[in-house]
Amino acid sequence: MSTQQNTPSSSPSPRLEPAKPSRITLVAGLTALEGAALAIGGIYMLVMGLLGHPESPQQAEMGGLTLIALALIPLFAARGLLLRRSWSRGPALITQIIALPVAWTLLRSHGVLIPAGIVLAAVSLTALYQLVRPTTVEALGIRRPGATPEG
């Protein structure tokens, strides 16, 4: 064997991607959690509309289908965040902003909904904070306004 065959410079080196920051994994998990909660709520409403005895079965069924459809937004955003796609930040931000009034409504209700509102507010505020951090923006490859592209 010659020494040229054993040298690392003779084989093409794979392109090394920087490690995914843990904050992106965290925000993707929180966003996926919200999407899963929406899907579970939608399935519950749909099943109760079909099998239960709601005041308006059509309204319960339509509400369930709507929640299931809305659950797709944060679920796709979470997947995009895990894959470090820059487009995923927008839907994730919108999901968190919409969750804040829902959390406020839950906090102003009674019983078991108050702890749910506290959890939703904490999840939403944590995800919002992580999404607007400059390091997250940079990790997703989003350029700031006025920044020149690296060439």
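The structure we're discussing is the one just above.
These numbers come from a predicted model, not from an experiment. (Residues numbered from 1 in each chain as written. Predicted model: local features only at pLDDT ≥ 70, side-chain atom pairs only at ≥ 80, totals over all residues. Heavy atoms only, no water.)

1. Things to note about unusual backbone geometry
Right, on to step 1. Residues other than glycine seldom take positive phi values, yet Arg84 does so here, at roughly 60°.
Right, on to step 2. By the secondary structure assignment, Arg84 is in the loop between helix H3 (57-82) and helix H4 (89-107). (Helix = DSSP H or I, 4+ residues; strand = E, 2+ residues; numbered from the N terminus.)

2. Topic: H4
Right, on to step 1. With 19 residues, H4 extends 27 Å between its outermost C-alpha atoms, agreeing within 8% with the 27 Å of an ideal straight helix rising 1.5 Å per residue.
Right, on to step 2. Those residues of H4 that fall on the buried side of the exposure criterion are Arg89, Ala92, Leu93, Thr95, Gln96, Ala99 and Ala103.
Right, on to step 3. Close packing links the buried residues of H4 with helix H2 (22-51), H3, helix H5 (113-132) and helix H6 (134-139). (Expected span 1.5 Å × (residues − 1). Buried < 20%, exposed > 50% of the residue type's maximum accessible area, 1.4 Å probe, protein only. Contact = heavy atoms within 4.5 Å.)

3. Details of a nonpolar patch on the surface
Right, on to step 1. A cluster of nonpolar residues, Ile43, Tyr44, Met45, Val47, Met48, Leu50 and Leu51, forms a patch on the protein surface that exposes about 690 Å² of accessible area.
Right, on to step 2. Residue placement: Tyr44 occurs in helix H2. (Patch = residues over 30% accessible without salt bridge, like charges linked within 9 Å, V, L, I, M, F, W, Y side chains within 5 Å. Areas by Shrake-Rupley, 256 points an atom, 1.4 Å probe, with all protein chains shown as cover. Salt bridge = Lys/Arg side-chain N within 4 Å of Asp/Glu carboxyl O.)

4. Structural notes on the nonpolar core
Right, on to step 1. Counting residues in hydrophobic clusters, the biggest one holds 14 residues, and the most contacted among them are Ile24, Val27, Leu81, Ala92 and Leu131.
Right, on to step 2. The residues touching Ile24, leaving out its near neighbours within four places in the chain, are Leu81, Arg84, Thr136, Ala139 and Leu140. (Core = buried A, V, L, I, M, F, W, Y, C linked by side-chain atoms within 4.5 Å.)

5. Focus: the environment of Arg89
Right, on to step 1. On the secondary structure map, Arg89 appears in helix H4.
Right, on to step 2. The class for Arg89 is buried, based on a relative accessible area of 18%.
Right, on to step 3. Setting aside its immediate chain neighbours within four residues, Arg89 contacts Leu81, Leu131, Val132, Val137, Leu140 and Ile142.

6. A few points about the packing of H4 against H5
Right, on to step 1. Look at H4 against H5: their axes get within 8 Å of each other, and the N-to-C directions meet at 155°. Overall, the two elements H4 and H5 adopt an arrangement that is roughly antiparallel. You can see that H4 and H5 cross each other, and the crossing is left-handed. (Axes fitted to C-alpha atoms, helices over the stretch in contact; angles between N-to-C directions. Parallel < 35°, antiparallel > 145°, perpendicular 65-115°, else oblique. Left-handed = near helix turned anticlockwise from the far one by under 90°.)

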